[in-house]
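Architecture at a glance
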Amino acid sequence: MQIVDAIKNLIIAMKGSGSVEDITTDQIAGAIQYMADNWGTISAGISGGSYELPEATTSELGGVRKSAAVSVVSAADATAAGSAYDQTIAQSVVALANANKAAINQIIANLKTAGIMA
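Residues numbered from 1 in each chain as written. Predicted model: local features only at pLDDT ≥ 70, side-chain atom pairs only at ≥ 80, totals over all residues. Heavy atoms only, no water.

1. Focus on the overall build of the chain
- A count of helices and strands for the chain gives four helices and zero strands.
- Here the chain has a C-alpha radius of gyration of 31 Å; the compact-globule value for 118 residues is 13 Å, and the former is much larger.
- By principal-axis analysis of the C-alpha atoms, the chain measures approximately 90 × 30 × 25 Å.
- Sequence-distant contacts, at least 24 apart, represent 33% of the contacts inside the chain between residues at least 6 apart.
- Total accessible area computed for the chain in this model is approximately 9200 Å², and 58% of it derives from carbon and sulfur atoms.
- Where the 6 positive side-chain charges of the chain centre and where its 10 negative ones centre are 11 Å apart. (Helix = DSSP H or I, 4+ residues; strand = E, 2+ residues; numbered from the N terminus. Rg over C-alpha atoms; globule rule 2.2 N^0.38 Å. Contact = heavy atoms within 4.5 Å. Areas by Shrake-Rupley, 256 points an atom, 1.4 Å probe, with all protein chains shown as cover. Lys, Arg positive; Asp, Glu negative; His and termini not counted. Charge placed at Lys NZ, Arg CZ, Asp CG, Glu CD.)

What follows is the structure, encoded as structure tokens:
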């Protein structure tokens, strides 16, 4: 492959479309000048320059931290025994509601600690 063909292929890649036959000498000169004018940015990408992932915000996409784990709610499911609710059923419903509240509050706290939620 000749240098001119390689540059034409580069121009097609930069443009995102086209064919080698359509590339003019002016386009080759323009591509070379563009690379010369922007070499600092181009070389940083080639050399694997550092990239810092920005923090995510409520309006901007970015990186977030992994939140701490939250234990599974282990309280028994509330069940209804016919149409009557006795003390045992009422206590199981209260235990389930309290366990769910604790888990939800822990999730919220973990999201805030991880910086995922304000």
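2. Concerning the layout of surface pockets
- The computed volume of the largest pocket comes to approximately 160 Å³.
- Ala56, Thr57, Thr58, Val64, Gly115, Ile116, Met117 and Ala118 are the residues that line the largest pocket.
- In the lining of the largest pocket, the residues fall into five nonpolar, three polar and no charged. (1 Å grid on protein atoms, 1.4 Å probe; cavity = no way out; pocket = protein on both sides within 12 Å on 5 of 7 lines; lining within 4 Å. Points joined across faces, edges and corners; volume = space filled by probe spheres on them. Nonpolar A, V, L, I, M, F, W, Y, C, P; charged D, E, K, R; others polar.)

3. Details of the side chain of Asn110
- Mapping Asn110 onto the fold places it in helix α4 (residues 87-113).
- When residues no more than four places from it in sequence are discounted, the contact partners of Asn110 are Ser67, Ala68, Ala69 and Val70.

4. Description of helix α1 (residues 3-15)
- Over its 13 residues, α1 runs 18 Å from end to end, which matches the ideal 18 Å to within 8%, given 1.5 Å per residue.
- Of all the positions in α1, only Ile7, Lys8, Ile11 and Ile12 are classed as buried. Projection of α1 onto a plane perpendicular to its axis shows the buried side chains occupying an angular sector of 145 degrees, all on one side. Along α1, the residues that are exposed and aim more than 90 degrees away from the buried face are Ile3 and Ala13.
- Residues of α1 that are buried in the fold lie against α2 (25-37).
- Phi turns positive, to about 90 degrees, at Gly16, one or two residues after α1. (Expected span 1.5 Å × (residues − 1). Buried < 20%, exposed > 50% of the residue type's maximum accessible area, 1.4 Å probe, protein only. Arc of directions from axis to C-beta.)

5. Section: the confidence of the model for the chain
- Looking at the chain as a whole, the pLDDT averages 81, with 92% of positions reaching at least 70.
- Within the chain, helix α3 (residues 39-46) has the poorest average pLDDT of any element, 77, and α4 the best, 89. (pLDDT = per-residue confidence, 0-100.)

6. Remarks on the nonpolar core
- If you look at the biggest cluster of nonpolar residues, it comprises six residues: Ile7, Ile11, Ile12, Ile23, Ile28 and Ala31.
- Those elements that place two or more of their residues in this core are α1 and α2. (Core = buried A, V, L, I, M, F, W, Y, C linked by side-chain atoms within 4.5 Å.)

7. Quick notes on the environment of Thr57
- Looking at where Thr57 falls in the secondary structure, it is placed in the loop between α3 and α4.
- Once the C-alpha coordinates of Thr57 and Ile116 are considered, the two residues, 59 residues apart in sequence, prove to be 8.3 Å apart.

8. Focus on a nonpolar patch on the surface
- Taken together, the side chains of Val64, Ile104, Ile108, Ile116 and Met117 present a nonpolar region at the surface, about 400 Å² in accessible area.
- You can see Ile104 is positioned in helix α4. (Patch = residues over 30% accessible without salt bridge, like charges linked within 9 Å, V, L, I, M, F, W, Y side chains within 5 Å. Salt bridge = Lys/Arg side-chain N within 4 Å of Asp/Glu carboxyl O.)

9. Brief notes about the side chain of Lys8
- Structurally, Lys8 is set in helix α1.
- Buried charge without a salt bridge: Lys8, with Asp5 as the nearest opposite-charge side chain at an N-O distance of 5.1 Å.

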